[in-house]
Amino acid sequence: MRLFRRRPRITEENYGRLMTSFGRTVDADPLVAGPAEALAERVTGELPAEAEAADAKLYEGAAAYHLRLLAGAWILASEGGIPEETAEVFEEAVAWRFGARGLPERLGKLARGEVERDLALEDG
């Protein structure tokens, strides 16, 4: 992930535009929506305390919803549908909205393939 010289200025208006734009785009394409939802579920499952804190700050289900749209942004960026910088800014914006970086940073790393995958089969 590229590091900003300075962090982007995030406002309620900017955040609202990002959410509206990605809400329409991610939900419109099942090939983006499905993987985005799976990534969001994985991150909220890995970091349940952080997800609960985000939900408590905003509303029930907020962490999963915002992370799903962020995951969709990273998927679109990996496919060349949007510039990678747009997904980076959205990641910063989600961290701003949550008041914490843990969830969006973990999701971004997973979406970009920056973590080692566990390929072991689950017993079950």
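This part takes up the packing of aromatic side chains. A full pass over the atoms with the stated rule returns three aromatic pairs. Between Tyr15 and Phe90, the aromatic rings sit 6.4 Å apart at their centres with planes inclined by 40°, giving tilted as the arrangement. You can see Tyr15 sitting in helix α1 (residues 12-28) and its partner Phe90 sitting in helix α5 (residues 84-98), a full 75 residues away along the chain. Residue class for Phe90 comes out buried when judged on its relative accessible area of 0%. Counting every residue linked through ring pairs, the aromatic cluster contains Tyr15, Phe22, Phe90 and Trp96. Positioned above the aromatic ring of Trp74, the side-chain terminus of Arg112 is 4.6 Å from the ring centre.

Next up on the list: the environment of Ala51. Tracing the sequence through the fold places Ala51 in helix α3 (residues 48-57). Excluding anything up to four places from it in sequence, Ala51 contacts Thr44, Ala63 and Leu103.

For the rest of this paragraph, the subject is the side chain of Arg97. Locating Arg97 in the fold gives a position in helix α5. Contacts of Arg97, omitting those with residues within four sequence positions, involve Glu12, Tyr15, Lys57, Leu58 and His66.

Right, let's talk about helix α2 (residues 30-46) for a bit. Between its first and last C-alpha atoms α2 spans 24 Å; for 17 residues at 1.5 Å apiece the expected length is 24 Å, and the two agree. When α2 is considered as a whole, its buried residues turn out to be Val32, Ala33, Ala36, Leu39, Ala40, Val43 and Thr44. Projection of α2 onto a plane perpendicular to its axis shows the buried side chains occupying an angular sector of 135°, all on one side. Of the exposed residues in α2, the ones pointing more than 90 degrees away from its buried face are Pro30, Leu31 and Gly45.

What counts, and where the lines are drawn
- Residues numbered from 1 in each chain as written.
- Predicted model: local features only at pLDDT ≥ 70, side-chain atom pairs only at ≥ 80, totals over all residues.
- Heavy atoms only, no water.
- Phe/Tyr/Trp six-rings, centres within 6.5 Å; stacked < 30°, edge-to-face > 60°.
- Helix = DSSP H or I, 4+ residues; strand = E, 2+ residues; numbered from the N terminus.
- Buried < 20%, exposed > 50% of the residue type's maximum accessible area, 1.4 Å probe, protein only.
- Lys NZ or Arg CZ within 6 Å of the ring centre and 35° of its normal.
- Contact = heavy atoms within 4.5 Å.
- Expected span 1.5 Å × (residues − 1).
- Arc of directions from axis to C-beta.

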